[in-house]
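The chain contents come next:
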Amino acid sequence: MPMYECFLFDNPFEFGTRAYLGKRVRAWDIMVCNGCLAVNHDGVVPEIYPHLAVHLEVRGIQPEKDAEGCILWPSN
């Protein structure tokens, strides 16, 4: 079974033919486990996951943010 590292939490998860315990976020070129997706469903707090902000900045990606400054998930 293919295993991937969750970009947010460095947690390994299965993602393949029998189990899809995460999601590929193509717009950001990352993999995220279902647990992190559930906890951060309304946006990612950049102070808790500063490596995401760095990752996006290095790639020239300017994510949408909500009124509190949380990074919103891309639509696709």
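Quick look at the structure, then. (Residues numbered from 1 in each chain as written. Predicted model: local features only at pLDDT ≥ 70, side-chain atom pairs only at ≥ 80, totals over all residues. Heavy atoms only, no water.)

## Considering the overall build of the chain
Across its full length, the chain holds two helices and four strands. Its C-alpha atoms give the chain a radius of gyration of 12 Å, within 12% of the compact-globule value 11 Å for 76 residues. Referenced to the eigenvectors of the C-alpha coordinate spread, the extents of the chain come out at roughly 40 × 25 × 20 Å. Expressed as a percentage of its 76 residues, the buried residues of the chain come to 32%. (Helix = DSSP H or I, 4+ residues; strand = E, 2+ residues; numbered from the N terminus. Rg over C-alpha atoms; globule rule 2.2 N^0.38 Å. Buried < 20%, exposed > 50% of the residue type's maximum accessible area, 1.4 Å probe, protein only.)

## Overview of the pairing of strand E4 (residues 30-33)
Look at any regular strand and the pattern is simple: side chains alternate between the two faces of the sheet. Residues Ile30 and Val32 line one face of E4 and the alternating positions Met31 and Cys33 line the opposite face, and both faces are buried. Pairing of strand E3 (residues 22-25) with E4 involves four bridges; the strand directions are antiparallel. Counted as the bridge partner of Lys23 is Val32 from E4. Where E3 hands over to E4, the hairpin turn is made up of four residues, of which Asp29 adopts a positive phi near 55 degrees. (Pairing = 2+ DSSP bridges.)

## What to know about helix H2 (residues 50-58)
Every buried residue of H2 is listed here: Leu52, His55 and Leu56. Taken down its axis, H2 places every buried residue within 95 degrees of arc, on the same side. Summarising the geometry of H2, the exposed residues directed more than 90 degrees from the buried face are Val54, Glu57 and Val58. Those residues of H2 that are buried are in contact with E4. Taken from the residues just after H2, Gly60 is the one with a positive phi, measuring 75 degrees. (Arc of directions from axis to C-beta. Contact = heavy atoms within 4.5 Å.)

## A closer look at the state of the cysteines
One way to say it: the disulfide is the covalent bond shared by the sulfur atoms of two cysteines. Scanning all chains against the criterion turns up zero disulfides. Of all cysteine sulfurs in the structure, the one in Cys6 sits closest to Cys33, which takes part in no disulfide; the separation is 3.7 Å. Accessibility expressed as a relative area gives 7% for Cys33, which makes it buried. (Disulfide = S-S within 2.5 Å.)

## Considerations on the nonpolar core
Cys6, Leu8, Trp28, Val32 and Leu52 are the most contacted members of the largest nonpolar core, which totals 16 residues. Sorting the residues of this core by element identifies E4, helix H1 (34-39) and H2 as the ones contributing at least two each. Ranked by residues supplied to this core, first place goes to E4 with four residues. Filtering out sequence-adjacent residues up to four positions away, Cys6 remains in contact with Asn11, Phe13, Met31, Val32, Cys33 and Cys36. (Core = buried A, V, L, I, M, F, W, Y, C linked by side-chain atoms within 4.5 Å.)

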